[in-house]
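Residue strings, one per chain:
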Amino acid sequence: YGHANSLAVGQGKVIVQLDQESRGGSRLIALDGATGRVIWEKPRDVTSSWATPLVFEAAGKAQVVALAEPFAIAYALGDGAELWRTEAAHGEIVSSPIFAAGLVVVVHPSSELTAIRPEGAGDVTKTHVAWKAENSVPDVTSPVSDGEFVFMIEGGGMLTCLEAKDGKKVWEHDLKLQVQASPVIAGRRLYVPCEEGVTVVVEIGRAYRELARNPLGEKILASPAVAGGRFFLRGTQHLFCLTKAEAKP
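As a starting point, this report considers the structure included with it. What you see is a predicted model; the values in this text were computed from it and never measured.

Looking only at helices and strands, one finds zero helices and 24 strands in the protein. Taking 18 Å as the expected radius of gyration for a compact globule of 249 residues, we find that the protein reaches 18 Å, a close match to that expectation. Judged by the C-alpha coordinates and their principal axes, the protein covers about 55 × 40 × 35 Å. Residues classed as buried in the protein amount to 49% of the 249 residues present. Restricting the contact set of the protein to residue pairs at least 6 apart, pairs at least 24 apart contribute 40%. With the model as given, the accessible surface of the protein reaches about 11800 Å², and the carbon-plus-sulfur share is 50%. Each charge sign in the protein was given a centre, from 25 positive and 29 negative side chains, and these centres are 5 Å apart.

Residues Val65, Trp84, Val104 and Val106 are the most contacted members of the largest nonpolar core, which totals 18 residues. When contributions to this core are tallied by element, the ones reaching two or more residues are strand 5 (54-58), strand 6 (61-68), strand 7 (71-76), strand 8 (82-87) and strand 10 (103-108). Each residue touching Trp84, except ones within four places of it in the same chain, is listed here: Gln63, Val65, Ala72, Ile73, Ala74, Val104, Ile116, Pro118, Gly120, Ala121, Gly122 and Val124. One finds Leu159, Val179, Val192 and Val202 within the second-largest nonpolar core, a separate group that totals 17 residues.

One open sheet accounts for four strands, arranged 1-2-3-4; its pairing is antiparallel. Looking along the sheet, the strands with just one partner apiece sit at the ends: strand 1 (8-10) and strand 4 (38-43). Averaged over all neighbouring strand pairs, the angle between strand axes comes to 20°, with direction disregarded.

Under the criterion given, the structure shown has 14 salt bridges. Taking the shortest distance from any N to any O, the salt bridge between Glu112 and Lys132 comes out at 3.3 Å. Here the residue Glu112 occupies a position in strand 11 (residues 112-116), and Lys132 occupies one in strand 13 (residues 129-133), the gap between them amounting to 20 residues. Here Glu172 makes a salt bridge to Lys169, at a shortest N to O gap of 3.3 Å. Judged by relative accessible area, Glu172 falls into the partly exposed class, the value being 36%. Classification of Lys169 as partly exposed rests on a relative accessible area of 43%. When salt bridges that share partners are traced, they join Asp45, Glu82 and Arg85 into one network.

This paragraph deals with the layout of surface pockets. Taken as a whole, the largest pocket encloses approximately 840 Å³ of empty space. Residue lining of the largest pocket: 30 residues in total, with Ser6, Ser96, Ser142, Ser182 and Ser223 positioned closest to the centre. Contributing elements (two or more residues each) for the lining of the largest pocket: strand 9 (98-100) and strand 18 (184-186). Here the second largest pocket defines a volume of roughly 440 Å³. Counting residues per element, the ones that place at least two in the lining of the second largest pocket are strand 19 (189-193), strand 20 (198-203), strand 21 (210-215) and strand 23 (230-234). Among the elements that line the lining of the second largest pocket, the one with the most residues is strand 21, at four residues. Residue composition of the lining of the second largest pocket, by class: eleven nonpolar, four polar and three charged.

How each quantity is defined
Residues numbered from 1 in each chain as written. Predicted model: local features only at pLDDT ≥ 70, side-chain atom pairs only at ≥ 80, totals over all residues. Heavy atoms only, no water. Helix = DSSP H or I, 4+ residues; strand = E, 2+ residues; numbered from the N terminus. Rg over C-alpha atoms; globule rule 2.2 N^0.38 Å. Buried < 20%, exposed > 50% of the residue type's maximum accessible area, 1.4 Å probe, protein only. Contact = heavy atoms within 4.5 Å. Areas by Shrake-Rupley, 256 points an atom, 1.4 Å probe, with all protein chains shown as cover. Lys, Arg positive; Asp, Glu negative; His and termini not counted. Charge placed at Lys NZ, Arg CZ, Asp CG, Glu CD. Core = buried A, V, L, I, M, F, W, Y, C linked by side-chain atoms within 4.5 Å. Pairing = 2+ DSSP bridges. Axes fitted to C-alpha atoms, helices over the stretch in contact; angles between N-to-C directions. Salt bridge = Lys/Arg side-chain N within 4 Å of Asp/Glu carboxyl O. 1 Å grid on protein atoms, 1.4 Å probe; cavity = no way out; pocket = protein on both sides within 12 Å on 5 of 7 lines; lining within 4 Å. Points joined across faces, edges and corners; volume = space filled by probe spheres on them. Nonpolar A, V, L, I, M, F, W, Y, C, P; charged D, E, K, R; others polar.

Interpretation in functional terms is not warranted from these geometric data alone.
Listed below in structure tokens is the structure:
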């Protein structure tokens, strides 16, 4: 499959998660963003992962969480010291972790979503799991959150909204489309790019309310990005930059 983890950044550092199929070769690397100099490098007792590391602040510390079979492991951003770990995922790890409502949320593909309180030390598998969800868990896509809700979508198009604080289901809806790209949030809208080239736009709230289905005319497998008031989508043939239409005089 090759290397698929994206880079993460924080406090002037570039974080590279380089996990290998056989134990003993995996490592997490922090580079100086200005020079590329290695600031720290830590070996990891895990196997392959295609998930992107997460940089966040909690419990008074800047942390990096890297997910690979079988652990979600948190490191201090400053020096790479291990802070805590939770046994939370097995199989081919593709979905990236997120930080929502003070919790680190990780995906065990097609099995369960686990929310972890990130203030422990050592192995916190039995002490710091806040909640789990087991229905319609994605195998490839990453969840996304606005701080109040966590949204996840599995490959067959089942979109689920959970309470971020306790994991209780708020609603679910079958989009009846195939999905490989992770959804994104912009404003009070959730954007779900589907494999067929249609982006489904959903209002964020306690009931499913679909606002639009926007066809791109091209297959979509890559997750979108939002920056500078613009929406970037990569299809199989083109990179699209979308923005609000200017009002005509």
